[in-house]
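This is what each chain is made of:
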Amino acid sequence: MNRILTIAQQPLTRLFLVALIVLSFQTTIFNTMRPFGVCLQVMLLLSTSSGLARGSEIGAIAGFIVGMMYDLVLSTPLGLGAVVFALVGYLAGMTNSFVHQPTWWTKMLLAGAASGLGMLFMPLALTIVGREGVMNRHILVVALVVGVTNAAATVPAERLCGWVLSEPSEVR
Amino acid sequence: MDLRNSSSVSSARRLFGAIFHPIEGVTRVVTTPINNIWHGITDYGDVSQDNKRLKDLIARQEGATIANIAGVREAQELLALNGLPTLAGIDSCTGQVVGQSPSNFSQTVEINRGRRCGIRVGMPVLNAAGLIGKVTESLDDRAVVMLITDPAYSLSVKIVNQPPPKVTVPNKVPESPENQTTTTTSTTTTTTIAPKSMIPGFTPGVTIATLPNASPNAPSSESTIAGDIRPGQGNVSQITVPPGANLPLRETGALEGRGLSRAPIVRFIENQPRFGVVYIGSPIVSSGGATSLAPPDIVVGTVSRIISRTGTLGPLLEVKVAANLESLNFVRVLLYQPTTERPSAP
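All of these numbers come straight from a predicted model, not from anything done at the bench.

Quick look at the overall build of chain A
Move 1: From N to C terminus, chain A includes ten helices and zero strands.
Move 2: Counting from the amino terminus, chain A carries its helices and strands in the arrangement α-α-α-α-α-α-α-α-α-α.
Move 3: Within chain A, counting contacts between residues at least 6 apart in sequence, those at least 24 apart form 69% of the total.

Some words on helix H6 (residues 80–98) of chain A
A turn of α-helix holds 3.6 residues, and therefore any two residues three or four places apart point the same way.
Move 1: The first and last C-alpha atoms of H6 of chain A sit 28 Å apart over 19 residues, in line with the 27 Å expected at 1.5 Å per residue.
Move 2: Buried residues dominate H6 of chain A, accounting for 14 of its 19 residues.

What about the pairing of strand S14 (residues 316–321) of chain B?
Residue and element names in this part refer to chain B.
Move 1: Only one face of S14 is covered, namely the one carrying Leu-317, Val-319 and Val-321; the face carrying Leu-316, Glu-318 and Lys-320 has none of its residues buried.
Move 2: Across two bridges, strand S11 (residues 265–267) lies against S14 in antiparallel orientation. Bridged to Ile-265 within S14 is Glu-318.
Move 3: In this structure, strand S13 (residues 299–307) lies alongside S14, joined through six bridges in antiparallel fashion. In the sheet register, Ile-307 faces S14, and the bridge partner there is Leu-316.

Regarding the packing of helix H4 (residues 42–54) of chain A against helix H7 (residues 104–128) of chain A
All names here are of chain A.
Move 1: It is the contact of H4 with H7, at a shortest axis distance of 10 Å, that shows an interaxial angle of 135°. In terms of their interaxial angle, H4 and H7 are classed as oblique. When you trace H4 past H7, the crossing you get is right-handed. Of the residues in H7, those in contact with Leu-44, Leu-45, Thr-48, Ser-49 and Leu-52 of H4 are Lys-107, Leu-110, Ala-111, Ala-114, Ser-115 and Gly-118.
Move 2: In terms of residue class, the contact of H4 with H7 is built from six nonpolar, four polar and one charged.

Quick word on the interface of chain A and chain B
Move 1: Contact with chain A, which involves 33 residues of that partner, is made by 34 residues of chain B.
Move 2: Where the side of chain A that touches chain B is concerned, the elements lending two or more residues are helix H2 (11–27), helix H3 (29–32), helix H5 (56–73), H7 and helix H8 (138–152) of chain A.
Move 3: With seven residues, the top contributor of residues to the side of chain A that touches chain B is H2 of chain A.
Move 4: Of the residues belonging to the side of chain A that touches chain B, the class tally is 19 nonpolar, twelve polar and two charged.

Examining the sheet that holds strand S3 (residues 124–126) of chain B
Residues and elements named next belong to chain B.
Move 1: Pairing within the closed barrel is antiparallel, and its six strands lie in the order S1-S2-S5-S4-S3-S15. Each strand axis lies, on average, 45° off the axis of its neighbour in the sheet, ignoring direction.
Move 2: Pairing between strand S4 (residues 131–138) and strand S5 (residues 143–147): five bridges, direction antiparallel. The residue of S5 that forms the bridge with Val-135 is Val-145.

A short note on unusual backbone geometry
Move 1: Positive phi values are uncommon outside glycine, yet Phe-36 of chain A reaches one of about 60°.
Move 2: Its place among the elements puts Phe-36 of chain A in the loop between H3 and H4.

Regarding the pairing of strand S15 (residues 330–334) of chain B
Residue and element names in this part refer to chain B.
Move 1: Two elements, strand S1 (residues 92–100) and S15, share five bridges in a ladder whose sense is antiparallel. Residue pairing for S15: Gln-96 is matched across the bridge by Phe-330.
Move 2: Sheet analysis places S3 next to S15, joined by two bridges and oriented antiparallel. Paired with Val-125 across the two strands is Val-333, which belongs to S15.

Concerning the nonpolar core
Move 1: With 54 residues, the main nonpolar core has Leu-46, Ile-65 and Val-66 of chain A as its most contacted residues.
Move 2: Sorting the residues of this core by element identifies H2, H4, H5, H6, H7, H8 and helix H9 (154–164) of chain A as the ones contributing at least two each.
Move 3: Top element by residues in this core is H5 of chain A. It accounts for twelve residues.
Move 4: Not counting residues up to four positions away in its chain, the partners in contact with Val-66 of chain A are Ala-19, Met-43, Leu-46, Ser-47 and Phe-85 of chain A.
Move 5: One finds Leu-131, Ala-143, Val-145 and Val-319 of chain B within the second-largest nonpolar core, a separate group that totals 38 residues.

What counts, and at which threshold
- Residues numbered from 1 in each chain as written.
- Chains lettered and ligands numbered in written order.
- Predicted model: local features only at pLDDT ≥ 70, side-chain atom pairs only at ≥ 80, totals over all residues.
- Helix = DSSP H or I, 4+ residues; strand = E, 2+ residues; numbered from the N terminus.
- Contact = placed C-beta atoms within 7 Å.
- Expected span 1.5 Å × (residues − 1).
- Buried ≥ 20, exposed ≤ 12 C-beta atoms within 10 Å, placed from the backbone.
- Pairing = 2+ DSSP bridges.
- Axes fitted to C-alpha atoms, helices over the stretch in contact; angles between N-to-C directions.
- Parallel < 35°, antiparallel > 145°, perpendicular 65-115°, else oblique.
- Left-handed = near helix turned anticlockwise from the far one by under 90°.
- Nonpolar A, V, L, I, M, F, W, Y, C, P; charged D, E, K, R; others polar.
- Core = buried A, V, L, I, M, F, W, Y, C linked by C-beta atoms within 7 Å.

Structural data, given as structure tokens:
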């Protein structure tokens, strides 16, 4: 029993459970609410917020897990989203470490920029693995809308990721 | 990682789906009111306009449907008599679209029917208007359908080239009443004149081969006799027109999706004189065949734009898809698995 509790208290277990719930929102409500015809990417927000909350390395690991879960419900090649999300999580964490005394608005800017970049990396990665027709002007609109909306939701998401990825002793 | 369709990746997806789908179902129920509010705010105007437009459309189509049903039945009987495959002989499974792809870079939808209904990877999916795509993933109670606008989608199709439209001239030429059809337009009255040949005894478009020694009273085993031609009644020798000479010509090509914001195109149309000029509005249907992804004669759409190319390259045709892919609801999966999609024996 203690062993199960110990596993359940691990940050990655919490991340998996929280990501599962966020993924369910991604595939339902955020899938149908499409401002400017763009599907909002809360899974990408989870990756960037992880990087902002816990640094580049943990951001990359969290991004990989979140991206892999997202890949499992998409029809894109498995692992492609994981690589892109890991890169985005790493970028968000790394750039945040360069900011002297980060504030809420610097984090919003960084999350928005990282999310926008992620939406540009994704079609690039799809093109590299042989998918045609995804590199068009529409990706700029996608990057802009996802960047702005993710920036707006960064503060609560970063707090959530800060709790999710904290060590068990910190939670108690 | 899974470009080779490995079974372990499919198992992982299936296992994750088994865990995730109950959670997704609960979330869907919980978020439905929010979703409805969003659509109420953003889509109300469009829905009202659509409602009016659809009411008009239904009124117009009710009459045409009855005539079409009779025509389709006759066509199916003819195909069955000749041992040709028809859609009527293929079982289907009806499902409802429960979600789109949450990605901005692929065009797929998810339906609430899966392997339990007999759905397998590769089966074509239709709605009332025509072809919408093919199944790319099949779970127990769910299936993912790749839409025909997806860049990864390709299908062999036929373009039915309509014969050139008949020339309409102003009502100046005196004609016998039986050859005239009067059409009223908003500006003027025109008369469509059936083309009449200068050759005695020959009417273009007649699908009959006349027999020189046929008795005038003998019942003809050939098809309809049009105009004033009667075997044996002409005082000059008649010209035989082979049956089917005026039927619409067909040419095959490959339909390819180009993403959500661009219309699919048809390539590899041969630039041959017999096929003639492709007209905007010409219907496009699936061609069928042993290696095709869909059975023959499923409506795909119409030609919306023709892009001419130089040399022997045939034209590129942009396709206006018959089905409205942005508002899919009920769809029908034909339980027809193409040979190319069948799993190979170990």
